[in-house]
Each structure stands twice: as C-alpha cells, then as structure tokens.
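These are the residues of each chain, in order.
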Amino acid sequence: MKGAFILVADLATAAVMNGHHRPRDSHYGHVLHHHKLHKHPRGLEFQSDTTVQSEMPSHIAEIDISRRAPQINPACLDSADDANMGCTDSAYHIAGNLTTLPCSQTSTASTNLSGITGEGQYGMSYTPYTQDGGCKGKNEVLADLKVITNKGFDRVRFYSTDCSALSHIGEACKNDGCRMILGIYIDQTGIAAAEKQVQEIADWAKWDLVDLVVVGNEAIQNRFCDAPALAAFIRSTKATLKAHGYNGKVTTAETANVWQRYGASHLCAEVDLVGANIHPYFNPTVEAAKAGKFVVSQIDELSRICMGQKVINLETGWPNAGVANGAAVPGEDKQVTAIMAIAKAAGARCVFFSYSNDLWKSPGDFNVEQHWGCADVF
C-alpha cells in the first residue's frame, strides 16, 4: 500500500494513536501466536475513494502518509518466537536514522523523576509478563502492584485474563486497596476466542474490586473485527456480566480515528463511557511539552462525537528511548516532560502506559515499543 488516510479532528491535532500489546494466552495452555501488531500503525487505513470521503464530517481533514517498516535486530525479536535470545543494547536504522536503544528495564523502586505521583491520576497499565515473554509468578505480581500503589495509583489496567491475572492482580488490589480495570482481549482469531475471557471474569465475580471492564483493545484498529461485531460483543458481554452480578461500567479502547468513523453509528450507544488510547508521541507535530494540550484536545473531540459522554484515556505516555517522530522526540527527559504535562492537564482521566519497559515486544515503529515504562516518573 502506498499510503494510508487518517481521520483527524484538525491538522493541528492529527492524532496517530495506537496500543502496544500482545497478551499471552498461556492460561489456556498456549501462547497466542504474536500477530506483531503491538506496534503503531498510523491509524485505520482507508482507500482514497468517494465512499470514505463522504463519511467524513465536514471539519475532519485527510492526511496521506506512507508506512515504513523498521529493520529489526534479531537480538530483540519478540521473545515469544525466540524466548532464549534475550535483548541487548543494539543500534537500529530506520529511514536513514541511527539510534541506540537501551534494553534495560525501567527500575520500579522508590525513584520519582518528576515530583508528581499517581495520586489524582486515573490509573497505570500493567502486564504480568517477564522480559522474555513468560508469566510472572504471583509474588512478583504482588510486588509490582505494591510499587504502583505506593506511588499513589489506586487503579491498574490490564489487558486480558492470562497469566492468572484475575487471581494475582485481584489479590494485590484487595491487599493494597486499588481497583481493577479489567481487559477482554480480542486478537487475530476474532471475537469467538475472546468469549472464554468473558466467562472467566463472570465466574470470578469479585465485583467490589472492579472499576471498569474494557472489551477489546484496538480490535477495530487492528482489523481483528469490524464495528458492528464489536458493538454486538460489547452488548453480549454486558449482559453476561450483569447476569453474574456486575452493575458497573463497560467500554472498549479504540483510537480516535476509529471513534470518528464508527462512534456515532455503532459504538457510542453501546458503551457506558468513551474509552480511547491517546498517544501524543505518534503525532509528529507534538513535542513533549505540548503532550497535555494534545490529550485534552482529543478528549474534547471524542466527547463531542459521543454527544457529551465521559471520556477516559485508557492508554497514554511517552517513550523513554527510540527514534524521533518529527517534533516528538523520545528519551528519558522527554518522557518526564510529557508525562508531567499530561498529568497536569488531564491526569484524572488518563491511564499511564506502562509500569515497566516491555522487552518481550518487537521494537515496532520508531523502535519505541519496548520503551514505555514510566513508573520511575512518578
């Protein structure tokens, strides 16, 4: 494909927002074969035709962009393929740029690089995986969650039920007084394979620990299902959980361009609030210091699309290493600057991504996928 078209609120806030996850399904006896979409495609791809253009609101702009695939160092392949290879500091070339990416995991002790804390922020995201892609043990999960709560966070988002997440994270939240943002992950196998997660949550039924249920993470964005199918799955999930005693809120997590195209027609009516993943770094016009302003602009646009519904930014942050994306420059100091700006402008509506660096992922676009660990910032 020569390029892609992105739906954006305006040229100044051309959002390119995607998530970074490849949940493992070892709980069901195997690893979900990595679809390698824990990178950042630049928005939902459309052909440039009159059908698509006619669906666009009058104030929405089009941007034609080209995709560039990174050269991936074999030493940093997704560890679900090469669990024993490890990941070392290496140099990468992307579009003529050379950068050195440190592969060390963010330390998660008492460091605070910004002076801000998790108090007042909506939450932090967490995945219970080791750096080689395995499942963390119960004691390690309990220790990680203790760090998160000690930093002031009272909600933790995770993406699926694998690695005994309900049991281990649930116990940690019960012990530490935090609440869970549950995820039901839809992968390339589609919705049918995700239904077992719904039943597992329904059978678990510790609703006093649950703040929110998120059905799918960029499932439309990644073409794992279409909007009508996701809308129907949200409805059926709500019905199943309600039948098992859950009366809380349910949403999904999609990028802004997906909400712009399918919100009014399919999604807004099914969710109890708008869930979006808003990543300022993937807009090449946004520098770290303006990340907060960008997030607020996107939240406002999403609320408009769904007629004033509350919006939660379910995933946001800034990479601590990688390649510059125009004015968006990664790095530890830039991460601190961006997260401080986001926390100040919209922290009460944001889940910060993520607890630690994730070396089990492929480097992805701009070589940033492994480098979103931000616990040290708080």
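Residue numbers restart at each chain and count upward from 1, following the sequence in its written direction. With pLDDT at 70 or above as the cut-off, local features in this predicted model cover only qualifying residues; side-chain atom pairs require 80 or more to be listed or tallied, and sums for whole chains, interfaces and linings still use all residues. Just so you know, side-chain values use all the structure's heavy atoms and leave hydrogens and water out.

- As annotated in an unreviewed UniProt entry, the protein chain is Probable beta-glucosidase btgE from Penicillium canescens.
- In its Catalytic activity (unreviewed entry) section, the UniProt entry covering the protein chain states "Hydrolysis of terminal, non-reducing beta-D-glucosyl residues with release of beta-D-glucose."
- UniProt positions are given in the numbering used here, feature names are shortened, and annotations may be inferred rather than shown by experiment. The record in UniProt for the protein chain states the following under Sequence similarities (unreviewed entry): "Belongs to the glycosyl hydrolase 17 family."

### Some details on the packing of aromatic side chains
Here's step 1: Two aromatic rings from Phe, Tyr or Trp, using only the six-membered ring of Trp, form a pair when their centres are within 6.5 Å; if the ring planes differ by under 30 degrees the pair is stacked, by over 60 it is edge-to-face, and anything between is tilted. In total, this model carries 13 aromatic pairs according to the counting rule given.
Here's step 2: Taken together, a centroid distance of 5.6 Å and an interplanar angle of 65° make the contact between Tyr126 and Tyr355 edge-to-face. Remark: Tyr355 occurs in the segment after β12 (350–352) and Tyr126 occurs in the loop between β5 (123–125) and α2 (138–150); sequence separation between them is 229 residues.
Here's step 3: A residue is classified by how much of its surface remains accessible, and Tyr126, at 1% relative accessible area, is buried.
Here's step 4: Through a chain of ring-to-ring contacts, three or more aromatic side chains come together here, namely Tyr281, Phe282, Trp318, Phe353, Phe366 and Trp372. Secondary structure elements are defined from DSSP: runs of H or I of at least 4 residues count as helices, runs of E of at least 2 residues count as strands, and each element is numbered from the N terminus. Only protein chains enter the accessibility calculation, which uses a 1.4 Å probe; a residue whose area is less than 20% of its type maximum is buried, one above 50% is exposed, and one in between is partly exposed.

### Details of the environment of Thr237
Here's step 1: With respect to the secondary-structure elements, Thr237 resides in helix α5 (residues 227–243).
Here's step 2: Under the relative-accessibility criterion, Thr237 is labelled buried at 0%.
Here's step 3: Separated by 24 residues in the primary sequence, Thr237 and Val213 have C-alpha atoms spaced 9.5 Å apart.
Here's step 4: Contact definition: two residues touch when any of their heavy atoms are within 4.5 Å. Beyond its immediate sequence surroundings of up to four residues, Thr237 is in contact with Ile184, Val198 and Val215.

### Structural notes on the packing of α2 against helix α3 (residues 165–176)
Here's step 1: A fitted line through C-alpha atoms represents every axis, and for helices the fit uses only the stretch in contact; the resulting angles, taken between N-to-C directions, go from 0 to 180 degrees. Where α2 meets α3, the closest approach of the two axes is 9 Å, and the angle between their N-to-C directions is 40°. The angle between α2 and α3 falls in the class oblique. The handedness of the crossing between α2 and α3 comes out as right-handed. Contacts between α2 and α3 involve Lys138, Val141, Leu142, Leu145, Lys146 and Thr149 from the former and His168, Ile169, Glu171, Ala172 and Asp176 from the latter.
Here's step 2: Looking at side-chain class alone, the contact of α2 with α3 contains five nonpolar, two polar and four charged residues. Our angle categories are set so that under 35 degrees counts as roughly parallel, over 145 as roughly antiparallel, 65 to 115 as roughly perpendicular, and the remainder as oblique. Throughout, a crossing is termed right-handed when the near helix is turned clockwise from the far one, and left-handed when it is turned anticlockwise from it by less than a right angle. Any residue outside Ala, Val, Leu, Ile, Met, Phe, Trp, Tyr, Cys, Pro, Asp, Glu, Lys and Arg is labelled polar, Gly included; the first ten of those are nonpolar and the last four are charged.

### Looking at unusual backbone geometry
Here's step 1: The omega angle of the peptide bond from Phe353 to Ser354 is 0°, so this bond is cis rather than trans.
Here's step 2: The phi dihedral of Arg223 falls on the positive side, at around 65°, and the residue is not glycine.
Here's step 3: Here Arg223 lies in the loop between β8 (210–217) and α5.
Here's step 4: Unusually for a residue other than glycine, Phe366 sits at a positive phi of about 60°.
Here's step 5: Exposure remark for Phe366: the relative accessible area of 13% places this residue in the buried category.

### Points about the pairing of strand β11 (residues 311–316)
Here's step 1: For β11, a buried count of six out of six residues is recorded, marking the element as mostly surrounded by other parts of the structure.
Here's step 2: Bridging between strand β10 (residues 274–277) and β11 involves four bridges; their strand directions are parallel. In the sheet register, Gly275 faces β11, and the bridge partner there is Ile312.
Here's step 3: Any two strands with at least two DSSP bridges between them are considered paired. Judged from the two bridges that link them, β11 and β12 form a sheet pairing that is parallel. If you follow Asn313 over to β12, its bridge partner there is Cys350.
Here's step 4: For the crossover from β11 across helix α8 (residues 332–346) to β12, the handedness is right-handed. Here, the term right-handed applies to a crossover whose path from the first strand over the helix to the second runs clockwise when the strands point away from the viewer.

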